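Take a look at the letters that make up each chain.
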Amino acid sequence: MSADIGLTPNVEITAEARPGAGFVLKAWAWIWPKALAILLVLSVWQVVVWSGWRPTYVLPSPAETLQTLWQMLGTERFWSALQTTLLRAVMGFALALVIGTAIGVLVARITPLRLAVGSLITGLQTMPSIAWFPFAILLFGLNEQAILFVVVLGAAPSIANGVISGIDNIPPSFMRLGHVLGAGTVSLYRNIALPAAMPGYVAGLTQGWAFAWRSLMAGELLVIIAEKPSLGASLEFARQFSKAPLLLATMLVILILGMLVDGLFSSFARRMRGRRGLTVT
Amino acid sequence: MSQSVLTNDGIHVTQPPDDTTSILRIRNVSKVFGHGSDATVALQDVSLDVAAGEFLSIVGASGCGKSTLLNIIAGLDEPTSGTIDVDVNVAFMFQEATLLPWLTAQQNVELALKLRGMAKRARRDRAAELLETVRLAGWGDKRPHELSGGMRQRVALARCLAQDARIVLMDEPLGALDAMTRDHLHDEIEGLTESQGLTVIFVTHNMREAIRLGDRVVLMGSLPGRIVYEEDIPLTHPRVMDSPDVATRAASLTARLKGQGHTHVG
Ligand SMILES: Nc1ncnc2c1ncn2[C@@H]1O[C@H](COP(=O)(O)OP(=O)(O)O)[C@@H](O)[C@H]1O
Ligand SMILES: [Mg+2]
């Protein structure tokens, strides 16, 4: 993933990372709301199954689904599908990162470009990425490029907007300080503008990731490439063969993956904001 | 030996002789923001000489162009007309401490040294030393939001000293502090700038503060921003802001500033 933009733990992690009684308490405080949420969802699900609202071959019980999930984790096909999907996510997000950042910087710095392109970026952001697929398939055919194209289109506008709002929100006083301290253009950017713009940028990356993940799942449902299992293709496959437990198990994997990566982004953002004394939300 | 000069407002302004001891010479500086009917004359024909080692206070109502003047001296802004003649480095202390929130107190001070090209090891030692000078030894690892307002201004003061400038511009640096913290910082600013032989231009809207610190007080009037009066303050140090001496002078200078204000606003 985008580990090199700072998701790796660095020297700035202080007491909270030290193991000990405090760590256990913290881990517990982190775990119990999630455990409770999972318990709640499972019980509601189980109650619905018990009610007999739908036959169990279309709505399997949590126990059966979890059992299928466990079996699925033992198949080579699942890991190959996971690998394909994650690779696409990483590649799509990385490409969106480069393109979105470049566009963001250009639009933020060049006023005519901002007037011309600024609202277009926001417009693109509101466009549901699934609407791009028919066009992408026409352009590229049923292949990787079509998926990548839509993932990038989904994520890049958010990242670009993050860059723009990050740059716009640099307090002018920080730049004045930089000039007073005698910073040249390069060191002004490195030491002041860049770190000052980080909160907006990270918010853009978080949102960009969410869009990339959604676009990717839509793409994998629509663009199924033969001999290339993916999580999205597994969903479609399970539906076609009426394998409800497999369908739900795959959905669980998609949900958990999305939440994990989003959790990484938000914990990074939260720690950064906390260090700066900004309101921790 | 001062000379009296008649400005275009018909006001007598004493000016120090234009000799080689001035470290900063401001000549007929004007600054206009905006154009046409929207134009604001922030500064009109300001001339001022500052002697090396002098502590100069500038007092004026909000919006009279004090910050604009300091910005021009610091090179952050260009005058519309007139000249600034300064051949030494200038440091700036802002109204808000303007510490970078992603750096610790120590790193904030180090940044000033880093941008001067000091090596890593040396700047760590020097920054720690400067924090000690402003009585913040042991607070270097704190982030700005973990410090009180007074401490933050102390860090800013340490960073100011780290710039190794001969002139320090201070733009209402203590305006947001409580009286007790402010009194402490008066002592510190006075002690440090004197022991290091710094020239200070201290901007404030508080007349007593100006008299407490300044060897000379310059009064500025508004609309357009201009110098209306200046006076040497021969009171002995250490001065106390609430002493009768300071209060008496403050009353007379305030009356003078008000009088100026009326003739021009009216
Ligand atoms: N960048 C600017 N653009 C337009 N007007 C400005 C700008 N900076 C200051 N002014 C105007 O110039 C005048 C002097 O401002 P300033 O120097 O900040 O006053 P002070 O510091 O004495 O309160 C004010 O009327 C202010 O509105
Ligand atoms: Mg001001």
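Residues numbered from 1 in each chain as written. Chains lettered and ligands numbered in written order. Predicted model: local features only at pLDDT ≥ 70, side-chain atom pairs only at ≥ 80, totals over all residues. Heavy atoms only, no water.

J.: Lay out the packing of helix 4 (residues 111-126) of chain A against helix 6 (residues 144-168) of chain A with the relevant residues and their values.
T.: All names here are of chain A. Remark: helix 4 packs on helix 6, axes separated minimally by 9 Å, with the N-to-C direction vectors making an angle of 130 degrees. Looking at the two axes, helix 4 sits oblique to helix 6. In the packing of helix 4 onto helix 6, the handedness of the crossing is left-handed. Residue-level contacts link Arg114, Ile121, Thr122, Leu124 and Gln125 of helix 4 to Leu153, Pro157, Ser158, Ala160, Asn161, Ile164 and Asp168 of helix 6. (Axes fitted to C-alpha atoms, helices over the stretch in contact; angles between N-to-C directions. Helix = DSSP H or I, 4+ residues; strand = E, 2+ residues; numbered from the N terminus. Parallel < 35°, antiparallel > 145°, perpendicular 65-115°, else oblique. Left-handed = near helix turned anticlockwise from the far one by under 90°. Contact = heavy atoms within 4.5 Å.)

J.: Break down the side chain of Asn191 of chain A for me, citing the residues and quoting the values.
T.: Here Asn191 of chain A is to be found in helix 8 (residues 185-222). Of the residues examined, Asn191 of chain A reaches a relative accessible area of 10% and is grouped as buried. Polar side-chain contacts of Asn191 of chain A include one of 2.9 Å to the side chain of Lys114 of chain B. Ignoring anything within four residues of it in the chain, the contact list for Asn191 of chain A reads Leu100, Trp102, Leu111, Lys114 and Leu115 of chain B. (Buried < 20%, exposed > 50% of the residue type's maximum accessible area, 1.4 Å probe, protein only. Polar contact = N/O pair within 3.5 Å; in protein donor to acceptor, adjacent residues only side chain to side chain.)

J.: I'd like a description of the pairing of strand 9 (residues 199-204) of chain B, backed by residues and values.
T.: A regular strand places its side chains on the two faces of the sheet in alternate fashion. Residue and element names in this part refer to chain B. Of all the 6 residues making up strand 9, 6 are buried; the element is thus mostly covered by neighbouring parts of the structure. Taking every second residue as pointing to the same face, both faces of strand 9 are buried, with Thr199, Ile201 and Val203 on one and Val200, Phe202 and Thr204 on the other. Judged from the 5 bridges that link them, strand 5 (residues 55-60) and strand 9 form a sheet pairing that is parallel. Within the sheet, the bridge partner assigned to Ile58 lies in strand 9 and is Val203. Across 5 bridges, the pairing between strand 8 (residues 167-171) and strand 9 is parallel. Looking at strand 9, one finds that Asp171 is bridged to Val203. Assessed by its sense of winding, the connection that carries the chain from strand 8 through helix 5 (residues 179-195) to strand 9 is right-handed. (Pairing = 2+ DSSP bridges. Right-handed = clockwise from strand over helix to strand, strands pointing away.)

J.: Which residues make up unusual backbone geometry, and what values do they have?
T.: Here the residue pair Leu223 of chain B and Pro224 of chain B is connected by a cis peptide bond, since its omega of 0 degrees sits within 30 degrees of zero. You can see Pro224 of chain B is positioned in the loop between strand 10 (216-221) and strand 11 (226-232). Pro238 of chain B follows His237 of chain B through a cis peptide bond whose omega is -5 degrees. Summarising the element assignment, Pro238 of chain B is placed in the loop between strand 11 and helix 7 (244-265). With a phi angle near 65 degrees, Glu227 of chain A is a residue other than glycine that sits in the positive phi range. Tracing the backbone shows Glu227 of chain A in the loop between helix 8 and helix 9 (231-240).

J.: Which residues make up helix 1 (residues 21-51) of chain A, and what values go with them?
T.: Because the α-helix completes a turn every 3.6 residues, residues three or four places apart line up on one side. Residues and elements named next belong to chain A. Look at helix 1: 44 Å from first C-alpha to last across 31 residues, which is about the 45 Å you get at 1.5 Å a residue. Residue Ile31 marks the point of greatest curvature in helix 1, where the axis turns by about 25 degrees; the proline Pro33 follows within four residues. Those residues of helix 1 that sit buried are Trp45, Gln46 and Val49. Residues of helix 1 that are buried in the fold lie against helix 2 (62-73) and helix 10 (244-275). In the stretch just after helix 1, Gly52 is the one whose phi turns positive, near 75 degrees. (Expected span 1.5 Å × (residues − 1). Bend = angle between axes of the 7 residues up to and from the residue.)

J.: Lay out the interface of chain B and chain A with the relevant residues and their values.
T.: Taken together, the contacts link 19 residues of chain B with 20 residues of chain A. Across the chain B to chain A interface the summed buried area is about 1800 Å²; carbon plus sulfur atoms make up 68%. Together, Leu76, Trp102 and Leu115 of chain B form the three largest contributors to the area buried by chain B at its contact with chain A, with a combined 35%. The tally of links from chain B across to chain A stands at 0 salt bridges. Between the two partners, chain B and chain A, sit 5 residue pairs in polar contact (both at pLDDT 80 or more). Looking at the side of chain B that touches chain A, the elements with two or more residues in it are strand 7 (90-93) and helix 2 (105-115) of chain B. Of the residues forming the side of chain B that touches chain A, the biggest block, 4 residues, is contributed by helix 2 of chain B. Looking at the side of chain B that touches chain A, its residues break down into 12 nonpolar, 4 polar and 3 charged. (Buried area = accessible area lost by both parts, 1.4 Å probe. Salt bridge = Lys/Arg side-chain N within 4 Å of Asp/Glu carboxyl O. Nonpolar A, V, L, I, M, F, W, Y, C, P; charged D, E, K, R; others polar.)

J.: Quick rundown of the site of ligand 1? Include the residues and the values.
T.: Residues and elements named next belong to chain B. Around ligand 1, the surrounding shell consists of Phe33, Thr40, Ala42, Ala61, Ser62, Gly63, Cys64, Gly65, Lys66, Ser67 and Thr68. Between an oxygen atom of ligand 1 and a main-chain N or O atom of Lys66, the distance comes to 2.9 Å. Between Thr68 and ligand 1, the recorded distance is 2.5 Å, taken from a side-chain N or O atom to an oxygen atom. Contact with the protein chains removes 58% of the 550 Å² of surface that ligand 1 exposes when unbound. Elements represented by at least two residues in the shell around ligand 1 include exactly strand 4 (40-51) and helix 1 (66-74). Among the elements that take part in the shell around ligand 1, helix 1 stands out by supplying 3 residues, more than any other. (Near = heavy atom within 4 Å. Areas by Shrake-Rupley, 256 points an atom, 1.4 Å probe, with all protein chains shown as cover.)

J.: If you had to explain the domain arrangement of chain B to someone new, which residues and values would you point to?
T.: Residue and element names in this part refer to chain B. Along its sequence, chain B is organised into domain 1 (3-88 + 166-258) and domain 2 (96-164). Once you take the C-alpha centre of each, domain 1 and domain 2 turn out to be 26 Å apart. Each side of the interface is counted separately: domain 1 has 13 residues, and domain 2 has 11 residues. Here domain 1 packs against domain 2, burying approximately 980 Å² in sum over the two surfaces, 67% of which is carbon and sulfur. Across the salt bridge formed by Glu188 and Arg135, the nearest N and O atoms sit 2.7 Å from each other. Inspection of the region where domain 1 meets domain 2 yields 3 residue pairs in polar contact (both at pLDDT 80 or more). Of all the elements in the fold, those that place two or more residues in the side of domain 1 that touches domain 2 are strand 8 and helix 5. (Domains from an automatic or database assignment.)

J.: Quick one: what's the story with helix 10 of chain A, residue by residue and with numbers?
T.: For helix 10 of chain A, which comprises 32 residues, the first-to-last C-alpha distance of 46 Å matches the rise-based estimate of 46 Å (1.5 Å per residue) to within 8%. In the segment just after helix 10 of chain A, Gly277 of chain A is the residue with positive phi, at about 75 degrees.

J.: Talk me through the confidence of the model for chain A; I want residue IDs and the actual numbers.
T.: When pLDDT is averaged across chain A, the result is 88; 92% of the residues are at 70 or more. Low pLDDT (under 50) marks residues 1-17 of chain A, which in the prediction has 21 contacts with non-local residues, meaning those over four places away or in another chain. (pLDDT = per-residue confidence, 0-100.)

J.: Describe the environment of Leu59 of chain A, with residues and values.
T.: Residue and element names in this part refer to chain A. For Leu59, the position within the fold is in the loop between helix 1 and helix 2. Taking C-alpha positions, Leu59 is 10.0 Å from Lys243, a pair spaced 184 residues apart along the chain. If we ignore the near neighbours within four places in the chain, the residues touching Leu59 are Trp45, Val48, Val49, Trp53 and Arg54.

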